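# Structure at a glance
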Amino acid sequence: MPRFFIRNLFSSLLTNQNKRTNENTPECLNVTEPFDANNAQKIVIPVMGPTGAGKSTLINMVCGDEKVVVGHDIQSCTSVVTPVEIDVNPFLHQFPWLKNRTLLLVDTPGFDDTYLGDMEILTIIADWLKSAYKDHVLGGVLYLYDVTNDRYTGSARKNLDIFRGICGQDAFDIVVLGASKGGRISPELGQQRLKALKDTHWKEFISEGAEIVTIDDTRQSAKNAVAQVLHSFTKKREESKKQAAIKTPAVTRKEQKGILNSEDHITALAIQEELVDKKFIVPETSAGKELRVTLREVLEYEKKYLELAKRDGDEDEETKQELQNALEQIRKLSKQLEQLKVPLGRRLLSILR
């Protein structure tokens, strides 16, 4: 059978599967705020991290006003992607190229949301980043982690693993890792926990150019974190200019300046390139694969816990409730893993690419 015939056959199959997938998309995935794609002068900085890391608080501190709702317990208050415009004037003396531009800090939900599953969260974030890819400038990414936590939990590891997949290694040099809420513990303990993060969980990011900031409960520290992101972006922008200058020695300096200033879109996250350039669907992306691995690990843990609990044979109400919770968690995890499956048509088509 001719190769082109097989390709056309699988393409047709893929179209039908995508149609069915769209019909089954949960309504909650449509809650993402629309992204204005008509203004290429917008610089966007996603603020990411686990629930409770202080993402909404940081954005409000930078703005000097409560633009986004802040949670004060373990429940998530951010279940949508929320872009917030901030005043660029405090940053102009360091970054004059911001003049006549709009700077957006983008509040994002964590991958341990109270109300939405991890697959839903990833889809919400992925859809927003996809819409922002072509017509806006990614000014870097700020990732927060609450250093008041006594231990680095499985949830924290999951958030970082998926974040790694979203960014991709090539974008680590525009990532700023923020140790948040440091002012709520002693300086000695804060430094100890920051060192542990640098030596273990953040080590890979740092080796590829990611920067570190500490954030307390002051507005200045929040602004400093944003300034560090802009600094990393500016550094990459200048490096891109130098590379472009080397590649175009024949043009005049005036022409060169015009060319280089038009090259604002020099940064992109892996998930943006995968969704837009490679036409992937979310389960095919690196972040989707990271999430799939993580969910499988958690599912196996829940199954083993359920098996051990049943073996003990206790019939008290507390044990019954724990068993019920474990069963519910297994059901939710199984559903999310089903959503993360790559349709057969796409798997077959990828072989022929």
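See above for the structure.
This structure is a prediction, so every number in the text was calculated from the model and none was measured.

### Structural notes on the overall build of the protein
If you tally the helices and strands in the protein, you get 12 helices and seven strands. Pairs at least 24 residues apart make up 78% of the contacts formed inside the protein by residues separated by at least 6 positions. Surface summary for the protein: the accessible area is close to 18,900 Å², and the carbon and sulfur share equals 50%.

### Section: unusual backbone geometry
Even without glycine at this site, asparagine 100 takes up a positive phi of about 65°. Note that asparagine 100 resides in the loop between strand S2 (82–86) and strand S3 (102–107). Of the residues examined, asparagine 100 reaches a relative accessible area of 68% and is grouped as exposed. The backbone phi angle of lysine 279 is positive, close to 60°, even though this residue is not glycine. Looking at where lysine 279 falls in the secondary structure, it is placed in the loop between helix H9 (270–277) and helix H10 (286–312). Lysine 279 gets classed as exposed once you look at its relative accessible area, which sits at 56%.

### Looking at the packing of helix H3 (residues 118–132) against helix H4 (residues 154–167)
Orientation of H3 relative to H4, taken along the N-to-C sense of each, is 30°, at an axis distance of 12 Å. Classified by the angle between their axes, H3 and H4 sit roughly parallel to one another. For the pair H3 and H4, the sense of crossing is right-handed. Residue-level inspection shows Asp118, Leu122, Ile125 and Leu129 of H3 in contact with H4, the latter providing Lys158, Ile162 and Ile166. The residue makeup of the contact of H3 with H4, split by class, is five nonpolar, no polar and two charged.

### Some words on a negative patch on the surface
Negative charge collects at one region of the surface, where Asp170, Glu208, Glu273 and Asp277 lie side by side. Inspection of the secondary structure assignment puts aspartate 277 in helix H9.

### Structural notes on the nonpolar core
One finds Leu122, Phe163, Ile166, Leu269 and Ile271 to be the most contacted residues of the largest nonpolar core, which totals 54 residues. Ranked by the residues each element gives to this core, the list is headed by H3, at nine residues. Discounting residues that sit within four places of it in the chain, phenylalanine 163 has contacts with Met48, Val141, Tyr143, Val175 and Phe205. In this structure, Ile45, Cys63, Leu98 and Val213 belong to the second largest nonpolar core, which totals 32 residues.

### Overview of the packing of H3 against H9
Viewed as axis vectors pointing N to C, H3 and H9 meet at an angle of 75°, and their least axial separation amounts to 9 Å. Between H3 and H9, the angle is such that the two are roughly perpendicular. From H3, Leu122, Ala126, Leu129, Lys130 and Ala132 reach across to H9, where they touch Ile271, Gln272, Leu275 and Val276. Among the residues forming the contact of H3 with H9, the class breakdown is seven nonpolar, one polar and one charged.

### Examining the environment of glutamate 284
Mapped onto the elements, glutamate 284 comes out in the loop between H9 and H10. On the basis of relative accessibility, which here comes to 8%, the residue glutamate 284 falls in the buried class. Along the primary structure glutamate 284 and isoleucine 271 are separated by 13 residues, whereas in three dimensions their C-alpha atoms are 9.7 Å apart.

What counts as what
Residues numbered from 1 in each chain as written. Predicted model: local features only at pLDDT ≥ 70, side-chain atom pairs only at ≥ 80, totals over all residues. Heavy atoms only, no water. Helix = DSSP H or I, 4+ residues; strand = E, 2+ residues; numbered from the N terminus. Contact = heavy atoms within 4.5 Å. Areas by Shrake-Rupley, 256 points an atom, 1.4 Å probe, with all protein chains shown as cover. Buried < 20%, exposed > 50% of the residue type's maximum accessible area, 1.4 Å probe, protein only. Axes fitted to C-alpha atoms, helices over the stretch in contact; angles between N-to-C directions. Parallel < 35°, antiparallel > 145°, perpendicular 65-115°, else oblique. Left-handed = near helix turned anticlockwise from the far one by under 90°. Nonpolar A, V, L, I, M, F, W, Y, C, P; charged D, E, K, R; others polar. Patch = residues over 30% accessible without salt bridge, like charges linked within 9 Å, V, L, I, M, F, W, Y side chains within 5 Å. Salt bridge = Lys/Arg side-chain N within 4 Å of Asp/Glu carboxyl O. Lys, Arg positive; Asp, Glu negative; His and termini not counted. Charge placed at Lys NZ, Arg CZ, Asp CG, Glu CD. Core = buried A, V, L, I, M, F, W, Y, C linked by side-chain atoms within 4.5 Å.

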